[in-house]
Amino acid sequence: MLGEFAALGSALIWAGTSLLFTAAGKIASPVATNAFKTVAATGFFAVVLLVRDGRPWDASLQAGDVLLLAGSGLLGLSVGDSFLFLGYQILGTRRAMLVASLHPIVGALGAWLLLGETLGPLAILGMGLALGGVALVIADRMGTLLPADRAHLKLGVFLCLLAAVGQAGGALLAKSALARADAFGATQVRVFAGALGLLLFSVLRGETGRWMAGLRQRAVLWRVSVASFFGPFLAIW
């Protein structure tokens, strides 16, 4: 029962923080807000590990697991979450989260194809119902739009599907490492790798200054700070 309440609480926190990230992304770059999220979460986990273990990282992690977790962070957080944050700006939080919620289905299909896991009849039925429900919502919205707006909506759906693929791929990469490693240390590696990937992207694109200027705005800073604490840190905890 405790696990069910924890999962419900985590879902509620993610729903609330998504609204904050969406509002911040309308003022600053959505990718910049994702970068702030991963950098802040890295720091939050470092504080917890420092208090618990006396050092701001988990020294017990094996090199192979670190590589898997880092790859997971790059794919799931740098790539997947950036697509999701862009999707927020096109579809709005509610529809973007609906489309991105397909990532467990993508993950299940990936595990079936790549890891040899089985899919039972009930799992397949549930996947079909979920896909059908999302398709109905999007199709209903599509029928009320002009052609130009439909193209915009399709772009948003495509970005959120890419987010689902990135998040599912990241979860698959981290699966074996998470089964062996401490959850705090493993998650810190993921968010740290995600942060490095996004910061490198900003440097290569020459957008670091613009990102910093956007994030320094008070309306953005308080939203991403609160959302970063409650979302990628507390909800995972």
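The rules we used
Residues numbered from 1 in each chain as written. Predicted model: local features only at pLDDT ≥ 70, side-chain atom pairs only at ≥ 80, totals over all residues. Heavy atoms only, no water. Helix = DSSP H or I, 4+ residues; strand = E, 2+ residues; numbered from the N terminus. Rg over C-alpha atoms; globule rule 2.2 N^0.38 Å. Contact = heavy atoms within 4.5 Å. Phe/Tyr/Trp six-rings, centres within 6.5 Å; stacked < 30°, edge-to-face > 60°. Buried < 20%, exposed > 50% of the residue type's maximum accessible area, 1.4 Å probe, protein only. 1 Å grid on protein atoms, 1.4 Å probe; cavity = no way out; pocket = protein on both sides within 12 Å on 5 of 7 lines; lining within 4 Å. Points joined across faces, edges and corners; volume = space filled by probe spheres on them. Axes fitted to C-alpha atoms, helices over the stretch in contact; angles between N-to-C directions. Parallel < 35°, antiparallel > 145°, perpendicular 65-115°, else oblique. Left-handed = near helix turned anticlockwise from the far one by under 90°. Nonpolar A, V, L, I, M, F, W, Y, C, P; charged D, E, K, R; others polar. Salt bridge = Lys/Arg side-chain N within 4 Å of Asp/Glu carboxyl O.

Student: Explanation requested: the overall build of the protein in the structure shown.
Tutor: For the protein, the helix and strand inventory stands at ten helices and zero strands. The linear arrangement of helices and strands in the protein, starting from the amino end, is α-α-α-α-α-α-α-α-α-α. Taking 18 Å as the expected radius of gyration for a compact globule of 237 residues, we find that the protein reaches 18 Å, a close match to that expectation. Dimensions of the protein along its principal axes, counting C-alpha atoms only, are 60 × 50 × 35 Å. Of the contacts formed within the protein by residues at least 6 apart in sequence, a portion of 84% connects residues at least 24 apart.

Student: Looking at this model, I keep getting lost on the packing of aromatic side chains. Mind explaining?
Tutor: Remark: the centre distance and the inter-plane angle together describe each pair of aromatic rings, the angle taken between the planes. Summed over the entire model, instances satisfying the criterion amount to nine aromatic pairs. Geometrically, the ring pair formed by F44 and F233 is tilted, given 5.4 Å between the ring centres and 40° between the ring planes. Pair noted here: F44 is in helix α2 (residues 30-53) and F233 is in helix α10 (residues 218-235), with a separation of 189 residues, a long-range link. By relative accessible area, which is 26% here, F44 ends up partly exposed. Owing to a relative accessible area of 4%, F233 belongs among the buried residues under this scheme. Grouped by ring-pair contacts, the aromatic residues F44, F45, F184, F229, F230 and F233 constitute a single cluster.

Student: Honestly, the layout of surface pockets in this entry has me stumped. Any pointers?
Tutor: Rolled over the atoms, a probe sized like a water molecule indicates the empty space that remains. Put simply, the largest pocket is a space of about 820 Å³. The wall of the largest pocket is formed by 32 residues, among which W14, L77, D81, H103 and Q167 lie closest to the centre. Within the residue set of the lining of the largest pocket, elements represented by two or more residues are α1 (2-25), α3 (63-91), α4 (93-100), α5 (103-114), α7 (147-180), α8 (183-205) and α10. Looking at the lining of the largest pocket element by element, the count peaks at seven residues for α3.

Student: Would you mind showing me how to read the packing of α2 against α3 here?
Tutor: Helix-helix packing is described using two parameters, namely the angle between the two axes and the distance between the axes. Where α2 contacts α3, the two axes come as close as 8 Å, and the packing angle between them is 135°. Viewed along their axes, α2 and α3 adopt a mutual orientation that is oblique. Here the hand of the crossing between α2 and α3 comes out right-handed. Of the residues in α3, those in contact with P30, V31, T33, N34, K37 and T38 of α2 are L77, S78, D81, S82, F85, L86 and Q89. Residues belonging to the contact of α2 with α3 are distributed by class as follows: five nonpolar, six polar and two charged.

Student: Can you help me understand the pattern of salt bridges in this one?
Tutor: Proximity of charged atoms lets side chains of opposite charge pair with each other. As enumerated under the stated definition, the model contains seven salt bridges in all. For R52, the salt bridge is made with D182, and the minimal N-O distance between the two is 3.1 Å. One end of the pair, R52, is in helix α2; the other, D182, is in the loop between α7 and α8, and 130 residues separate them in sequence. Each of R52, D53 and D182 takes part in salt bridges that share partners, so that together they form one network.

In short, the description is geometric, and any link to function would need to be established separately.
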